[in-house]
Amino acid sequence: MLDPVGGDRFLDSLRSLAEGGRLVIVGFTGGPIPEVRVNRLLLNNAEVVGAGWGAYVLGKPEVCREIGAAVHEMIETGVVRPLVGARYPLEQAADALKLIDGRGATGKVVLDVR
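What counts and how
Residues numbered from 1 in each chain as written. Predicted model: local features only at pLDDT ≥ 70, side-chain atom pairs only at ≥ 80, totals over all residues. Heavy atoms only, no water. Core = buried A, V, L, I, M, F, W, Y, C linked by side-chain atoms within 4.5 Å. Buried < 20%, exposed > 50% of the residue type's maximum accessible area, 1.4 Å probe, protein only. Helix = DSSP H or I, 4+ residues; strand = E, 2+ residues; numbered from the N terminus. Contact = heavy atoms within 4.5 Å. Pairing = 2+ DSSP bridges. Axes fitted to C-alpha atoms, helices over the stretch in contact; angles between N-to-C directions. Salt bridge = Lys/Arg side-chain N within 4 Å of Asp/Glu carboxyl O.

Remarks on the nonpolar core
Okay, so step 1: In terms of nonpolar packing, the biggest core is built from seven residues, these being Phe10, Leu14, Leu17, Leu23, Ile25, Leu41 and Ala46.
Okay, so step 2: Looking at this core, the elements with two or more residues in it are α1 (7-15) and β2 (22-25).
Okay, so step 3: When sequence neighbours within four positions are dropped, the list of residues in contact with Leu17 reads Met1, Arg22, Leu23, Asn44, Ala46 and Glu47.

What about the sheet that holds β2?
Okay, so step 1: Spatial ordering of the open sheet is given by β1-β2-β3, a layout of three strands whose pairing is parallel. What marks the edges here is a single partner per strand, and that holds for β1 (2-3) and β3 (47-50).
Okay, so step 2: Relative to β2, β1 is paired through two bridges, and the arrangement is parallel. Bridged to Asp3 within β2 is Ile25.
Okay, so step 3: Against the sheet, α1 engages β1, β2 and β3, with an angle of about 155° to β2.

Description of unusual backbone geometry
Okay, so step 1: Even without being glycine, Asn45 reaches a positive phi, approximately 50°.
Okay, so step 2: Tracing the backbone shows Asn45 in the loop between α2 (38-44) and β3.
Okay, so step 3: Even without glycine at this site, Arg103 takes up a positive phi of about 60°.
Okay, so step 4: Inspection of the secondary structure puts Arg103 in the loop between α5 (93-101) and β5 (108-112).
Okay, so step 5: On the basis of relative accessibility, which here comes to 70%, the residue Arg103 falls in the exposed class.

Description of the pattern of salt bridges
Okay, so step 1: Overall, the coordinates contain three salt bridges when judged by the stated rule.
Okay, so step 2: Arg87 is paired through a salt bridge with Asp112; the nearest N and O atoms lie 2.9 Å apart. Separated by 25 residues along the polypeptide, Arg87 in strand β4 (residues 84-89) and Asp112 in strand β5 bring together distant segments of the chain.
Okay, so step 3: On the basis of relative accessibility, which here comes to 31%, the residue Asp112 falls in the partly exposed class.

Thoughts on the side chain of Ser13
Okay, so step 1: Summarising the element assignment, Ser13 is placed in helix α1.
Okay, so step 2: Here Ser13 is in contact with Met1, Asp3 and Leu23, once residues within four sequence places are set aside.

Structural data, given as structure tokens:
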């Protein structure tokens, strides 16, 4: 299970894990940073894993290039189809940020730079 929210949702996510489940934490967009009571992990043989992308790739630019090329190929071949909810020219970047900040975005918000 992937948890980008944190806060109260973290505990709900942890409770919903099946035996041997894994909860991957990728961010904290809502509420306080949660704490883990390890007895919950022990009882279900579950795992909580942090996936801090920024810290991981900071000194590894080649990893970003490799992953970017692989994702681009998956998009080009149709393996993945990102949901683009809004598209703005670069000159309207402030409007795109307002949409995101106002929690009005559905899917990806894309800035066209060409």
